[in-house]
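Coordinate analysis (summary)
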Amino acid sequence: TTQARWSWGLLAVFGAIYFVIAVLTSEVAAELAATMVLGLPLGFYLGVAMIIAGLVIVRYYLARIEG
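Predicted, not measured: the structure shown is a model, and the values here were computed from it.

With that settled, consider the overall build of the chain. Looking only at helices and strands, one finds 3 helices and 2 strands in the chain. The order of α-helices and β-strands along the chain, N terminus first, is α-α-β-β-α. Taken against the 2.2 N^0.38 rule, which gives 11 Å for 67 residues, the C-alpha radius of gyration of the chain at 15 Å runs more than 25% over that of a compact globule. Dimensions of the chain, computed from C-alpha atoms along their principal axes, come out at roughly 45 × 20 × 10 Å. Counting across all 67 residues of the chain, residues that qualify as buried make up 13%.

Per the counting criterion, the structure on display carries 2 aromatic pairs. For the pair Phe44 and Tyr45, a centre-to-centre distance of 5.9 Å together with 70° between the ring planes defines the contact as edge-to-face. What makes Phe44 partly exposed here is its relative accessible area of 45%. When its relative accessible area of 29% is taken as the criterion, Tyr45 is described as partly exposed.

We now examine the environment of Ile65. Tracing the chain through its elements places Ile65 in helix H3 (residues 42-66). For Ile65, a relative accessible area of 34% corresponds to the partly exposed category. For the pair Ile65 and Glu31, spaced 34 residues apart in the sequence, the C-alpha separation amounts to 41 Å.

Take the confidence of the model for the chain next. Averaged over all residues, the pLDDT of the chain is 91; the fraction at 70 or higher stands at 100%. Of all the helices and strands in the chain, helix H2 (residues 30-33) carries the lowest mean pLDDT, 90, while strand E2 (residues 40-41) carries the highest, 95.

Moving on, we get to unusual backbone geometry. Phi at Leu38 takes a positive value of approximately 55°, unusual for a residue other than glycine. Tracing the chain through its elements places Leu38 in the loop between strand E1 (36-37) and E2.

So, how was this worked out
Numbering of residues begins from 1 in every chain and follows the order in which that chain's sequence is written. For this predicted model, a pLDDT threshold of at least 70 governs which residues receive local features, and a threshold of 80 or more governs which side-chain atom pairs are given and counted, while totals over whole chains, interfaces and linings are taken from all residues. In computing side-chain properties, one takes all heavy atoms of the structure into account and sets aside hydrogens as well as water. Labels follow the DSSP assignment, with helices taken as runs of H or I lasting at least four residues and strands as runs of E lasting at least two, numbered in each case from the N terminus. Note that the radius of gyration is over C-alpha atoms, with the globule rule given as 2.2 Å times the number of residues to the power 0.38. Between buried and exposed lies partly exposed: a residue is buried under 20% and exposed over 50% of the maximum accessible area for its type, with that area taken using a 1.4 Å probe on protein chains only. Each Phe, Tyr or Trp ring, with Trp reduced to its six-membered ring, pairs with another whose centre is within 6.5 Å; inter-plane angles below 30 degrees give stacked pairs, above 60 give edge-to-face pairs, and intermediate values give tilted ones. Summary of the metric used: pLDDT quantifies the predictor's per-residue confidence within the range 0 to 100.

Structure representation (structure tokens):
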């Protein structure tokens, strides 16, 4: 169904975002994640971005299935 395709699509988007952020904050890219940006490490901003992306995707999903 169309709703199932949207669900799997949003899951794929979230999974891709999670994978990219996980790689950028992994031990291999620790130096990049430790780069200071506005007084905080880049890894912190990536973590906050992951939380925000999750909230936005869930909000979009809920608005789509209810409407």
